[in-house]
Amino acid sequence: MTYQQHPDKTYGTDHAERYEFDIHTHTIASGHGSSATITDMAKAAGARNLKMLGISDHGPATLGGGRVSYFRNLKYAQRERLGVKMLYGAEANIISSDGSLDLGDDILKGLDYVIASMHHPVVKPGSAEENTDTYIKVMKNPYVSVIGHCDDTRFPIDPFRLFNAAMENHVLLEINNSSLSPEGYRGDTRYTDLVLLNLSVHFGYPVLFSSDSHGTKYIGDFTYAADAARLAGVPRNLILNYSAGSLLSFLAKK
């Protein structure tokens, strides 16, 4: 599949302009780092002028993560809270090198989107080639929309192979603000993120900023992701967070 870059290559774009959504966020249902309810999260998103918020709690393989029944019932949750459009997804755990996830397709198909991630100690790290192979297998799942924090130094990757596979499978690679934060715990992720951002510019294929906020504190905060995007010269039209409509269109094509 070929993607053409928008002719407006505005590399000097001010990435501090208002973003419209954040879809990698965690509530109390993730079992760690947060006591916030979905309503708390929506209130914080509205206060930060976000139009749309996605809730993506950890799958059951994460210690204290959401149970299958939680994800099954999200389809009945309110589609708007406090003036904020709501999406309900999951951050599913990759649990083996064959690309298996800790939530079955019967659950995933009822969600608005699915982020698939490698977490320690849920899955054992492999070589860059092995981890990339695993991610590519995961991308072939028709319900997986996003690969989460693939910049984690504990799970090295081949960013060139991974980016090409993302384009082929219509999957987004996220630029995780938490990874890039000085308080981050995934090692120095800047090299991988900058390679991915440069590939976005080269191929004209979009990326997704994610806060990975556990609780309300960092919802919509993409400070470090935006700094990296500026350095790589990524134009505004390749960062989906500027347009909720663009994300919804991307997900609909999946």
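Remember, predicted model here, so these are calculated numbers, not experimental data.

So, how was this worked out
- Residues numbered from 1 in each chain as written.
- Predicted model: local features only at pLDDT ≥ 70, side-chain atom pairs only at ≥ 80, totals over all residues.
- Heavy atoms only, no water.
- Salt bridge = Lys/Arg side-chain N within 4 Å of Asp/Glu carboxyl O.
- Helix = DSSP H or I, 4+ residues; strand = E, 2+ residues; numbered from the N terminus.
- Buried < 20%, exposed > 50% of the residue type's maximum accessible area, 1.4 Å probe, protein only.
- Polar contact = N/O pair within 3.5 Å; in protein donor to acceptor, adjacent residues only side chain to side chain.
- Contact = heavy atoms within 4.5 Å.
- Right-handed = clockwise from strand over helix to strand, strands pointing away.
- Pairing = 2+ DSSP bridges.
- Core = buried A, V, L, I, M, F, W, Y, C linked by side-chain atoms within 4.5 Å.
- Phe/Tyr/Trp six-rings, centres within 6.5 Å; stacked < 30°, edge-to-face > 60°.
- Lys NZ or Arg CZ within 6 Å of the ring centre and 35° of its normal.
- Axes fitted to C-alpha atoms, helices over the stretch in contact; angles between N-to-C directions.
- Parallel < 35°, antiparallel > 145°, perpendicular 65-115°, else oblique.
- Left-handed = near helix turned anticlockwise from the far one by under 90°.
- Nonpolar A, V, L, I, M, F, W, Y, C, P; charged D, E, K, R; others polar.

A. Broad picture of the pattern of salt bridges. All told, the structure shown has seven salt bridges when counted by the stated rule. Here Asp-212 ties to Arg-186 by a salt bridge, and the two come within 3.0 Å at their closest N and O atoms. Of this pair, Asp-212 sits in the loop between strand 9 (208–210) and strand 10 (213–214) while Arg-186 is found in the loop between helix 6 (177–180) and helix 7 (190–203), placing the two residues 26 residues apart along the sequence. Of the two residues, Asp-212 and Arg-186, both sit in the buried class.

B. Quick look at the side chain of Ser-30. Examined against the element boundaries, Ser-30 turns out to sit in the loop between strand 2 (25–26) and helix 1 (38–47). Side-chain polar atoms of Ser-30 contact the side chain of Asp-57, separated by 2.7 Å. Leaving out residues up to four positions away in the same chain, Ser-30 has contacts with Asp-57, His-58, Leu-63, Gly-64 and Gly-65.

C. Main features of the pairing of strand 8 (residues 172–176). Across the five residues of strand 8, five count as buried, placing the element largely inside the fold. Tracing the backbone out of strand 7 (residues 146–147), into helix 5 (residues 159–169) and back to the parallel element strand 8 gives a crossover that is right-handed. Where strand 8 and strand 9 come together, three bridges link them in parallel fashion. Looking across to strand 9, one finds that Ile-175 is bridged to Phe-209.

D. Spotlight on the pairing of strand 6 (residues 113–117). Burial within strand 6 is extensive, with five of its five residues counted as buried. Pairing geometry for strand 6 and strand 7, over two bridges, is parallel. Its bridge partner being in strand 7, Ala-116 is matched across the sheet by Ile-147. Crossover strand 6 to strand 7 through helix 4 (residues 128–139) is right-handed.

E. Representation of the nonpolar core within the structure. Core analysis: the biggest nonpolar cluster contains 79 residues, and Ile-147, Leu-173, Phe-209 and Leu-247 have the highest contact counts within it. The element that contributes the greatest number of residues to this core is strand 5 (residues 84–93), accounting for six residues. If we ignore the near neighbours within four places in the chain, the residues touching Phe-209 are Tyr-19, Ile-175, Phe-222, Ala-225, Ala-226, Ala-229, Ile-239 and Asn-241.

F. Representation of the packing of aromatic side chains within the structure. Across all of its chains, the model carries eight aromatic pairs by this definition. The interplanar angle of 75 degrees and the centroid separation of 5.0 Å between the aromatic rings of Tyr-70 and Phe-71 together place this pair among those described as edge-to-face. A network of ring pairs unites the aromatic residues Tyr-19, Phe-209, Phe-222 and Tyr-242 as a single cluster. Arg-236 extends its terminal NZ or CZ atom over the ring of Tyr-242, reaching a point 4.3 Å from the ring centre.

G. Focus on unusual backbone geometry. Here the amide bond leading from His-120 into Pro-121 is cis, since omega sits at 5 degrees, within 30 degrees of zero. Phi is positive for His-149, which is not a glycine, with a value near 25 degrees. Its location among the elements puts His-149 in the loop between strand 7 and helix 5. Residue classification places His-149 among the buried positions, given a relative accessible area of 0%.

H. Structural detail: the packing of helix 5 against helix 7. The N-to-C vectors of helix 5 and helix 7 enclose an angle of 45 degrees; their axes lie 10 Å apart at closest approach. In terms of orientation, helix 5 lies oblique with respect to helix 7. Note that helix 5 runs across helix 7; the crossing there is right-handed. Contacts between helix 5 and helix 7 involve Pro-159, Phe-160, Phe-163, Asn-164 and Met-167 from the first element and Val-195, Leu-196, Leu-199, Ser-200 and Phe-203 from the second. Looking at the contact of helix 5 with helix 7 residue by residue, the classes come out as eight nonpolar, two polar and no charged.

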